[in-house]
Amino acid sequence: MAGYIAWRLVSAVPVILLVTLISFSIMSLVPGDPAAIIAGATATDAEIADLRVALGLDRPFLTRLVHWYGDLLSGDLGRSILLQRPVAEAIAERLPVTLALGAYALVLTLVFGVGLGVVAAVRQNTWVDQICMTVAVLGVSIPNLWLALLFVFLFAVTLGWFPTGGYVPFGEDAVGALVALTLPAISLALMQVGLLARMTRSAMLEVLRQDFVRTARAKGLPGWFVVLRHALGNALIPLVTVMGIILSLMISGTVVIESVFSLPGMGRLIVNAIQRRDYPVIQGGLMLIATALVLVNLVVDLLYAWLDPRVRYAD
Amino acid sequence: MSALLAVRDLTVTFETTAGAVAAVDALSFDIGPGEFLGIVGESGSGKSVTALAAMGLVVAPGRIAQGSIRLGGEELVGLPERSMRRIRGRRMAMVFQEPMASLNPVMRIGDQIAEAIRWHEDVSARAAAARAVDLLGTVGIPAPAERARAYPQQMSGGMRQRAMIAMAIACSPALLIADEPTTALDVTVQAQIMDLLRSLRERFGMALLLITHDLGLVAEQADRVLVMYAGRMVEEAPTASLFARPLHPYSAGLLDSIPDIEIRRPVLPAIEGVVPSLSALPPGCRFGPRCRFAEPACTTADPPLRRFGVRATACRRDLDLARA
Ligand SMILES: Nc1ncnc2c1ncn2[C@@H]1O[C@H](COP(=O)(O)OP(=O)(O)OP(=O)(O)O)[C@@H](O)[C@H]1O
Ligand SMILES: [Mg+2]
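What you see is a predicted model; the values in this text were computed from it and never measured. (Residues numbered from 1 in each chain as written. Chains lettered and ligands numbered in written order. Predicted model: local features only at pLDDT ≥ 70, side-chain atom pairs only at ≥ 80, totals over all residues. Heavy atoms only, no water.)

### A short note on the site of ligand 1
All names here are of chain B.
- Among the 13 residues in the neighbourhood of ligand 1, the closest are listed as S43, G44, S48, V49 and E180.
- A distance of 3.0 Å is found between an oxygen atom of ligand 1 and a backbone nitrogen or oxygen belonging to G46.
- Here E180 contributes a side-chain N or O atom positioned 2.9 Å from an oxygen atom of ligand 1.
- Its free accessible area being 640 Å², ligand 1 has 65% of it covered by the protein chains. (Near = heavy atom within 4 Å. Polar contact = N/O pair within 3.5 Å; in protein donor to acceptor, adjacent residues only side chain to side chain. Areas by Shrake-Rupley, 256 points an atom, 1.4 Å probe, with all protein chains shown as cover.)

Here it is as structure tokens:
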């Protein structure tokens, strides 16, 4: 097991190197002169030249690459042209919002996705199953954005239960923060709930008809215990892989959701940066997201081994 | 002698696309306390379904359509799940055919045994775990404390089946049902498991219901044998009498096809043909189309089960055959 973890950690390193390299290269890959594009149509030649120096574009690619990695090691992601401050600082300020939103949505996804799937599987082919799966299909097929707008209209504008947007830092008002994040988190979770519920249902149906479930019942264990301890314990293993996909979808989903609910998170930071061609921010943000995806996959693999002794003890 | 398990007129049906079929059809039998009963028959004769019905584990699309199953006088058919749960694993336990598939692959062996104890008895987790280790020792697993922490896939087939048996006897049931416990194992391990079952039965005074398609397995040990064919009982007899003189041509066929060389009889080919599908049963005697002794009359009426003292058979030619 220790060897497996070590191997997975080591094998993540080249992927992260590649990711940083790609993030770095985007500025050199855009057609034309990035400095001219960033400066805009009205800029003078002198302004463009200054910008080129500020961005370091006057130096050769390899020199810049070495510098970028050097800075990266010391936690320096460069300066934002637009915000006039270090990119790392801007990200550090925005990241907690996105993480809070993501964690909230993840909890909702897990509780409702697994819950609906288990109930549907246990009550297979009954009206309960039908309702659960209808909810799941709706969740998958209704676009996140549309749903988010619907929620804002219904719960925030019409009923006034939740704010229409904005964010309260957890440090100031934990309850207020939770309330503010509730609608965004639900909107973000809904699509994943549908996906996870359907995957859970099929994984559970597969496990429930296996012999060891019958053995568990033959021991005289209560039905709910057989379902949760024996069946779900096995069904979670294939679901871990699905969780990797779900987390990836959620990372991209935050961009849309943060814009709709005007949350000052990473998603909005990157969208704004793209609109205004603030390359240092785009680079830093992309690198962070890509690294997060690599880490998610790493965690999923480790979780897989932790849940399944057949992987853990296979030598 | 009052029976430990008394099954009367048990019919278990399965809803299929071709309509309901009776996998077990009007079956009646008794098992006395401490008795060893063998149920024999080819694949699809309804042996497992009978055992599952006794355990209250028949699930949709199957259901107990009629009949009565009494354990120590208590009616089990129609018993609420809550009450049935207290009987399963405690007064009546079951060992299944596939020891690999029948154990939870992500749970330690010791935990799987201990949880059976904890749901039936008021004991601490630590005491249950200690008893699980003892039980593994009882069923002949070496280094039981170490093995209790193993996962099923770390054990051999024979060891897994021993662990299954340990799990089944954890709460000292009065009746142990073993459904083809050795079919998935190789011959030497088969003999060891049968020895284990015999010694456990002697030691704990359990009644044993052994399901098998191999008459040879019950030959030396079972008190009585019940032969099933296509959901029906076709013959019931004390083991010695059955082996000395089977009354039903199907039992005779099964006896002839025992491969064991110790029982010195000329080995004839297995019974020709296959068990009929439950949705397309032949008219008259269900065994008729495969029977060497069938006469035209056999296809007109279904032969009833007739009792002769401790024996019973469902062949209208039994007396002719007995004399032959
Ligand atoms: N889940 C099910 N759905 C439909 N029919 C079933 C089901 N389970 C059993 N049956 C029917 O019951 C019949 C008897 O099955 P059973 O498992 O009792 O046979 P068996 O005597 O134990 O055979 P084997 O030696 O193969 O274990 C089968 O042939 C099948 O027609
Ligand atoms: Mg069977």
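There is more to say, and it comes next.
### Examining helix α4 (residues 61–73) of chain A
Residue and element names in this part refer to chain A.
- Spanning 13 residues, α4 covers 19 Å between terminal C-alpha atoms, matching the ideal 18 Å at 1.5 Å per step.
- Those residues of α4 lying buried are R64, L65, W68 and L72. Down the axis of α4, the buried side of the element spans an arc of 105°, and every buried residue falls inside it. Opposite the buried face of α4, at more than 90 degrees from it, the exposed residues are L62, V66 and L73.
- Downstream of α4 by one or two residues, G75 has phi in the positive range, about 80°. (Helix = DSSP H or I, 4+ residues; strand = E, 2+ residues; numbered from the N terminus. Expected span 1.5 Å × (residues − 1). Buried < 20%, exposed > 50% of the residue type's maximum accessible area, 1.4 Å probe, protein only. Arc of directions from axis to C-beta.)

### Some details on the interface of chain B and chain A
- At the junction of the two partners, chain B supplies 29 residues and chain A supplies 23 residues.
- For the chain B and chain A pair, buried surface summed over both sides reaches about 2300 Å², with 59% attributable to carbon and sulfur atoms.
- Area buried by chain B at its contact with chain A is led by B:V106, B:E115 and B:W119, which between them contribute 24% of it.
- The tally of links from chain B across to chain A stands at one salt bridge.
- Its salt-bridge partner being A:K219, residue B:E115 comes within 2.7 Å of it at the nearest N-O pair.
- Counting every contact that joins chain B to chain A gives nine residue pairs in polar contact (both at pLDDT 80 or more).
- Contributing elements (two or more residues each) for the side of chain B that touches chain A: α1 (47–55), α2 (81–87), α3 (109–120) and α6 (157–168) of chain B.
- Looking at side-chain class alone, the side of chain B that touches chain A contains 15 nonpolar, eight polar and six charged residues. (Contact = heavy atoms within 4.5 Å. Buried area = accessible area lost by both parts, 1.4 Å probe. Salt bridge = Lys/Arg side-chain N within 4 Å of Asp/Glu carboxyl O. Nonpolar A, V, L, I, M, F, W, Y, C, P; charged D, E, K, R; others polar.)

### Observations concerning the confidence of the model for chain B
- Here chain B averages 88 in pLDDT, while 94% of its residues score no lower than 70.
- Both confidence scores are given for the complex: pTM 0.83, ipTM 0.88. (pLDDT = per-residue confidence, 0-100.)

### Examining the packing of helix α6 (residues 127–141) of chain A against helix α8 (residues 174–208) of chain A
Residues and elements named next belong to chain A.
- One can describe the packing of α6 onto α8 by two numbers: an axis separation of 7 Å at closest approach and a directional angle of 135°. What the angle tells us is that α6 and α8 run oblique. In the crossing of α6 with α8, the sense of the turn from one axis to the other is left-handed. Facing α6, whose interface residues are D129, M133, A136, V137, G139 and V140, α8 presents L190, M191, G194, L195, A197, R198 and R201.
- Looking at the contact of α6 with α8 residue by residue, the classes come out as eight nonpolar, two polar and three charged. (Axes fitted to C-alpha atoms, helices over the stretch in contact; angles between N-to-C directions. Parallel < 35°, antiparallel > 145°, perpendicular 65-115°, else oblique. Left-handed = near helix turned anticlockwise from the far one by under 90°.)

### What to know about unusual backbone geometry
- The omega torsion of the bond from B:A60 to B:P61 falls at 5°, within 30 degrees of zero and hence cis.
- Mapped onto the fold, B:P61 is located in the loop between α1 and β4 (62–71).
- We note that A:N125 has phi near 60°; this positive angle belongs to a residue other than glycine.
- Residue placement: A:N125 occurs in the loop between α5 (87–122) and α6.

### Observations regarding the packing of aromatic side chains
- Applying the stated criterion to the full structure yields ten aromatic pairs over all chains.
- Between B:Y250 and B:F287, the ring centres sit 5.1 Å apart and the planes meet at 65°, which makes this aromatic pair edge-to-face. Of this pair, B:Y250 sits in helix α10 (residues 249–256) while B:F287 is found in the loop between α10 and β11 (306–308), placing the two residues 37 residues apart along the sequence.
- Judged by relative accessible area, B:Y250 falls into the buried class, the value being 0%.
- The exposure class assigned to B:F287 is buried, which follows from its relative accessible area of 3%.
- Members of the aromatic cluster, joined through ring pairs, are A:F24, A:F61 and A:W68. (Phe/Tyr/Trp six-rings, centres within 6.5 Å; stacked < 30°, edge-to-face > 60°.)

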